[in-house]
Every structure is written in C-alpha cells, then in structure tokens.
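Architecture and fold: a report
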Amino acid sequence: MKVRSSIRSLARQPGAQVIRRGTKVLVINKDNPRNKARQG
C-alpha cells in the first residue's frame, strides 16, 4: 500500500473506492489491486 499526500489520481481510476476508517482515507481498487493507497 502506498502512502501518499494526495490520492485523487488513484481515486479516479475505474473500480476505485474511497473509504474512511477513522482518520485514515484509503483507496481500494478491486479491479486493479495494485492501486491501494492511504492518504497522510
């Protein structure tokens, strides 16, 4: 999982889901599991 300051480009990929878990903002992509990221 990549830790990035901005996850907007990964969140725009097809199949991406933006999930908030507490204070963390995560991007999980079922279509392309390599595109996982956490913001912060």
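Residues numbered from 1 in each chain as written. Predicted model: local features only at pLDDT ≥ 70, side-chain atom pairs only at ≥ 80, totals over all residues. Heavy atoms only, no water.

By the naming in an unreviewed UniProt entry, the chain goes by Large ribosomal subunit protein bL36 and is assigned to Amycolatopsis pretoriensis. Here is the UniProt Sequence similarities (unreviewed entry) comment for the chain, exactly as written: "Belongs to the bacterial ribosomal protein bL36 family." (UniProt positions renumbered as here; feature names shortened; annotations may be inferred.)

Regarding the sheet that holds strand S4 (residues 37-39)
Pairing is mixed in the open sheet, where four strands are placed in the order S1-S4-S3-S2. Each having just a single partner strand, strand S1 (2-4) and strand S2 (16-21) make up the two edges of the open sheet. Between one strand and the next, the sheet's axes are offset by a mean angle of 25 degrees, whatever the strand orientation. The pairing of strand S3 (residues 24-29) with S4 spans three bridges and is antiparallel. If you follow Val25 over to S4, its bridge partner there is Gln39. (Pairing = 2+ DSSP bridges. Helix = DSSP H or I, 4+ residues; strand = E, 2+ residues; numbered from the N terminus. Axes fitted to C-alpha atoms, helices over the stretch in contact; angles between N-to-C directions.)

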